[in-house]
Amino acid sequence: MRRFEGPRQRQTRIVATIGPCRDHDYPTYLQRLCEAGVDIMRLNMSHADAGYAKEREVLAWANQGLENHQTPQVAVMVDLQGPKNRIGMLPEAGLWLEVGQPAWLVREGVAVAGAAVAETPQIPVPEPLASALLHGLRELRMRQPNARPQVLFGDGDLIVEVEALEDDHARTVVVAGGRLGSRKGLTVREIDLDLDRKSTRLNSSH
């Protein structure tokens, strides 16, 4: 959808979220997006790496001087979502969670050992979220001994139910399965996590 159709400029604006460029040729990739009609390039900082390599390259390209006026200058929108609870890094293929299957929520870097759990999916949770999560689950268990809180990943399409707690992990069972990828959001029903205090409050809505 070109910016101009004859003498008239279209009245809509197209926003494109910039994902990975597989061949790492960002200038060509971004130029083609502009030629296709993109007005605004959105950078989702929730998925940026530690060095902001992709974001730096996109900004450098967008801020360069234009040699001609065939492609109008585009805007860059930086999406700062704010703090969000996320799991840690998983293998590129992710983890496949099947309904009824056991799964472990573990502190990132502290795997559950033992032959009995060797084939059980282990979902890493980074600090300080891991401490806040385990503390909150224990508080809930003390108040409601029979509680089986649910942990949701991503947009809530993957769900595990907590069965038991240990020092560095929680044993769960999958109630809604699928592929789990790295850095997916994590939400716990029945509790609100407070990462600053590494504690939780019971959610009054449950």
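Sequence order as written defines the numbering, with residues in each chain counted from 1. For this predicted model, a pLDDT threshold of at least 70 governs which residues receive local features, and a threshold of 80 or more governs which side-chain atom pairs are given and counted, while totals over whole chains, interfaces and linings are taken from all residues. To obtain the side-chain values, all non-hydrogen atoms of the structure were included, while hydrogens and water were left out.

**Details of the pattern of salt bridges**
Pairing is possible between side chains that carry opposite charge, provided their charged atoms lie close to one another.
Reasoning step 1: Salt bridge, as used here, is a side-chain nitrogen of Lys or Arg placed within 4 Å of a carboxyl oxygen of Asp or Glu. Tallied over the entire structure, the rule returns seven salt bridges.
Reasoning step 2: For Asp79, the salt bridge goes to Arg42, with nearest N and O atoms at 2.6 Å. Here the residue Asp79 occupies a position in strand 5 (residues 75-79), and Arg42 occupies one in strand 4 (residues 40-44), the gap between them amounting to 37 residues.
Reasoning step 3: A residue is classified by how much of its surface remains accessible, and Asp79, at 24% relative accessible area, is partly exposed.
Reasoning step 4: Exposure remark for Arg42: the relative accessible area of 18% places this residue in the buried category.
Reasoning step 5: Among the ionic contacts, a cluster of salt bridges with common partners joins Arg148, Glu161, Glu163 and Arg171. A helix here means a DSSP run of H or I that spans at least four residues, while a strand means a run of E at least two residues long, and both kinds are numbered starting from the N terminus. The buried label applies to any residue whose accessible area, calculated with a 1.4 Å probe on protein chains only, is under 20% of its type's maximum; exposed applies above 50%, and partly exposed to all values in between.

**Description of the sheet that holds strand 11 (residues 169-176)**
Reasoning step 1: What the six strands build is an open sheet, ordered 8-7-11-10-9-13; its pairing is mixed. The open sheet has two edge strands with one neighbour each: strand 8 (122-125) and strand 13 (186-188). Between one strand axis and the next, the sheet turns through 35 degrees on average, direction left out of account.
Reasoning step 2: Here strand 10 (residues 158-165) runs beside strand 11; their pairing, made up of six bridges, is antiparallel. Any two strands with at least two DSSP-identified bridges between them are counted as paired. Axis definition: a line fit to C-alpha positions, over the contact stretch in the case of helices; interaxial angles, taken between N-to-C directions, run 0 to 180 degrees.

**Considerations on unusual backbone geometry**
Reasoning step 1: Of the consecutive residues Glu127 and Pro128, the connecting peptide bond is found in the cis state with omega at 0 degrees.
Reasoning step 2: One non-glycine residue, Tyr52, adopts positive backbone phi at about 55 degrees.
Reasoning step 3: Checked against the element boundaries, Tyr52 lands in the loop between strand 4 and helix 2 (53-63).
Reasoning step 4: With phi around 60 degrees, Arg183 is a residue other than glycine that occupies positive phi space.
Reasoning step 5: Mapping Arg183 onto the fold places it in the loop between strand 12 (178-180) and strand 13.

**Examining the pairing of strand 10**
Reasoning step 1: Burial analysis of strand 10 places six of its eight residues in the buried class, which makes it a mostly covered element.
Reasoning step 2: Note that strand 9 (residues 150-153) and strand 10 share four bridges and pair antiparallel. Bridge pairing in strand 10 places Leu152 opposite Ile159.
Reasoning step 3: Adjacent in sequence and paired antiparallel, strand 9 and strand 10 are bridged by four residues, among which Gly154 carries a positive phi angle near 65 degrees.
Reasoning step 4: What sits between the antiparallel neighbours strand 10 and strand 11 is a turn of three residues.

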